[in-house]
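What follows is each chain in one-letter form.
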Amino acid sequence: MNNTISEINGVQLYNSFIAGAQKIFENQVLLNNINFYPVPDADTGTNLASTMYSIVNTVKPTKNIKETALALADAALVGARGNSGIIFAQFLYGFSKDIKGQETMNLKEFSENMHIASECAYYALAKPKEGTMISVIRDWAVFLCENYDTTDDITTLLLNALTVAMESLKGTGKFIAAKAKTIVDAGAKGFVVFLEGMCEYFHSGEKTVQVANAEIIDSEWLGEDNHEDITFRYCTEALLIGENLEREKLSSMIESMGDCLVIAGSNKKMRLHIHTDEPWIVLEKVQMIGRVVYQKVEDMVMQHDLVANRKSKIGILSDSSCDIPKNLLEKYQIQTIPLTVSFGDEFYLDQLTIKPKQFIDKLVKSTDIPKSSQPSLMDFTNRYNYLTTHYDSIVSVHLNGKFSGMINSSRKAAAAVSKTSGKKIDIIDSHNATGALGLTVLRTAEAAIEGVSHEDLVVKAAEWADKTKLFVSCINTQYLISSGRLSTFKALLLKYLRIKPLFTINTEGDLKLKTFSFRSKDNFKKILGLIKENYEHKKIWNYCVMHVDNPDAAQYLSEVVEKLTGRAPLYIEDACPMLASKVGPKAVAVAIMEE
């Protein structure tokens, strides 16, 4: 019989949570594979593990139980991921918020605070659904409150409460509609697994707990569901900070824009999760409430199709500056990682939480000069970890290395993930941008689907990048000055003379002022001349037209190029914010690749 534990301090609370986290890490794949609700996207285990990972790597426990509980709650809130992770973060917030300043907590205080925690977790959901994680949390907490006076030992109390949680878990399957096999809710199972770890810690009498494996594993869905089960396309998350944040106000602003809304945290820091078709509008509204310091958007339809209908053994990754229309990204299952664009303290994920039209409106109205920044090393690492669970190898084709340091982050992450996964990941510098990058990526993805080997694909992708040219006609040189892409003297001279510059990017990735005109249409004629000069005796694979809020000019230019080439463009598309911020509104560009 272990020694009786009638009170716990901060270190014991921390160790019990670390033991629970260890159980989550050990059961990630299981939790992913039984993930049916709210959508069958095989990520509940991954999301809970990510939340626990933040706790393991952030919290420094003290004997004071309030300090430790607050640290656990804050770490979970910052690192929370997915519906289940944010519910758990809110559960911890609820547990910590009313603890007094004492060093230890007795069974009565522990049980009552856990009951408050369960109510907070329930409150976090806009539309709570019975038979899920919150039901098991509530049943467990109610048992604690009704039975803490039947024993003076927390181990006994927790073991008895675990039995209740397991019984509650058995009932969760009946609430998950129309599945052919007996299952339980993945989030609820995750909570029970966590409780098992807590119980093991107190029962073992260990004074410390070491996490043996804190790896975050992305799994693939093995079921037969189709993406029609996904009501809203984008899983959208944000972390807000501010003063006097109001949950009700935030909820009322965005609740009608999707489902699975969860809001966790306090009036100074909030984490939200929602499934929506318009993450860019959600984030626009959220920015009105507080400052967004983190945001994440995942395309659940693309994720599902990648598993259910994978078209190639080789994964193709690019970045959001490739300006490929969504229908073609879907057709060729091309993965993209977003750049970040910012105006002062406001930042957005390119193409996900800000669309080109929104960006142009801000560009024209804002006094802040927009900035773009590359995805972080961790962003790339997470993406490569995810893709290597689905593909035999990866080929990434990225934005010109002279425009961004992104390719270096991609290479570092690829090397690390390749070493741990044993899978090839090769990175290609396109030496180009926007549609020219897009054509290279599309042709690479098409070849991958046709069965070209990884080694040949890497060689071909580099060759196709060199065969692609970009011609950009600018209207406003002001943005060239502020972006630093043109010397102040040259830009001011062009502005003073009202000259419309025409730029190209050479094979080394350098931006070059090719020629200029006094009228935009004259630049279009010069683009035709350059195309004829470069491609008159060559077969064209394809071309595309991009524009910065100038669809009429793009249509006119495409018609002119079509007369020359005898074929319509592969697509006409809005240019990404990265290009728009450099060349300004009304710019038009043509990208063309030889066969």
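Up top you'll find the structure we're talking about.
Residues numbered from 1 in each chain as written. Predicted model: local features only at pLDDT ≥ 70, side-chain atom pairs only at ≥ 80, totals over all residues. Heavy atoms only, no water.

Across its 18 residues, helix α6 (residues 107-124) extends 26 Å between first and last C-alpha, which sits within 8% of the 26 Å expected from 1.5 Å per residue. Looking at α6, one finds that the buried residues are Leu 107, Phe 110, Ser 111, Asn 113, Met 114, Ala 117, Ser 118, Cys 120, Ala 121 and Ala 124. The backbone nitrogen of Lys 108 has a side-chain oxygen 3.1 Å away, supplied by the residue at the start of α6, namely Asn 106. (Helix = DSSP H or I, 4+ residues; strand = E, 2+ residues; numbered from the N terminus. Expected span 1.5 Å × (residues − 1). Buried < 20%, exposed > 50% of the residue type's maximum accessible area, 1.4 Å probe, protein only. Polar contact = N/O pair within 3.5 Å; in protein donor to acceptor, adjacent residues only side chain to side chain.)

Once that is clear, we can look at empty space enclosed by the protein. Inspection of the entire model under this criterion finds five cavities of 30 Å³ or more. The volume enclosed by the second largest cavity comes to roughly 130 Å³. In this structure, the second largest cavity is lined by twelve residues; those nearest its centre are Phe 403, Leu 511, Leu 579, Lys 582 and Val 583. For the lining of the second largest cavity, the secondary-structure elements that each account for two or more residues are β14 (468-473), β15 (500-505) and α23 (577-583). Class assignment of the residues belonging to the lining of the second largest cavity gives a composition of ten nonpolar, no polar and two charged. (1 Å grid on protein atoms, 1.4 Å probe; cavity = no way out; pocket = protein on both sides within 12 Å on 5 of 7 lines; lining within 4 Å. Points joined across faces, edges and corners; volume = space filled by probe spheres on them. Nonpolar A, V, L, I, M, F, W, Y, C, P; charged D, E, K, R; others polar.)

Below, the discussion takes up the nonpolar core. With 72 residues, the main nonpolar core has Phe 88, Phe 91, Phe 110 and Trp 140 as its most contacted residues. Looking at this core, the element that brings in the most residues is helix α9 (residues 186-204), giving eleven residues. Grouped together as the second largest cluster of nonpolar side chains are 70 residues, Leu 328, Ile 407, Ile 505 and Val 548 included. (Core = buried A, V, L, I, M, F, W, Y, C linked by side-chain atoms within 4.5 Å.)

Right, let's talk about the packing of helix α5 (residues 82-97) against helix α7 (residues 133-147) for a bit. Taken N-terminus to C-terminus, the directions of α5 and α7 make an angle of 25°; their axes are 11 Å apart at the nearest point. On the basis of their axis angle, the class for α5 and α7 is roughly parallel. The crossing of α5 and α7 is right-handed. Where α5 abuts α7, its residues Ser 84, Ile 87, Phe 88 and Phe 91 lie against Met 133, Ile 134, Ile 137 and Trp 140. (Axes fitted to C-alpha atoms, helices over the stretch in contact; angles between N-to-C directions. Parallel < 35°, antiparallel > 145°, perpendicular 65-115°, else oblique. Left-handed = near helix turned anticlockwise from the far one by under 90°. Contact = heavy atoms within 4.5 Å.)

Before going further, it helps to examine the packing of aromatic side chains. The relation between two aromatic rings is expressed through the spacing of the ring centres and the mutual angle of the planes. Within this structure, the stated rule accounts for twelve aromatic pairs. Between Phe 91 and Phe 191 the ring centres are 5.6 Å apart and the planes differ by 85°, which places this aromatic pair in the edge-to-face class. Here Phe 191 lies in helix α9 and Phe 91 lies in helix α5, a separation of 100 residues in the sequence. A residue is classified by how much of its surface remains accessible, and Phe 191, at 1% relative accessible area, is buried. (Phe/Tyr/Trp six-rings, centres within 6.5 Å; stacked < 30°, edge-to-face > 60°.)

For the structure shown, the criterion picks out 20 salt bridges. Between Lys 296 and Glu 298 there is a salt bridge whose closest N-O contact spans 3.4 Å. Like Lys 296, the residue Glu 298 is buried in the burial classification. Salt-bridge contacts for Lys 326 lead to Asp 299; the nearest nitrogen and oxygen are separated by 3.3 Å. Here Asp 299 lies in strand β6 (residues 291-299) and Lys 326 lies in helix α13 (residues 326-331), a separation of 27 residues in the sequence. We classify Lys 326 as partly exposed; its relative accessible area is 35%. (Salt bridge = Lys/Arg side-chain N within 4 Å of Asp/Glu carboxyl O.)

A few words now on the sheet that holds strand β5 (residues 269-276). A sheet is described by the order of its strands in space; here four strands give the open sequence β4-β5-β3-β6, paired in antiparallel fashion. The sheet terminates laterally at β4 (258-265) and β6, the two strands that pair on one side only. Neighbour-to-neighbour, the strand axes of this sheet turn through a mean angle of 10°, independent of strand direction. Across eight bridges, the pairing between strand β3 (residues 234-241) and β5 is antiparallel. Paired with Ala 238 across the strands is Leu 272, a residue of β5. Helix α4 (residues 65-79) rests against β3, β4 and β5 of the sheet, and its axis sits at about 35° to β5. (Pairing = 2+ DSSP bridges.)

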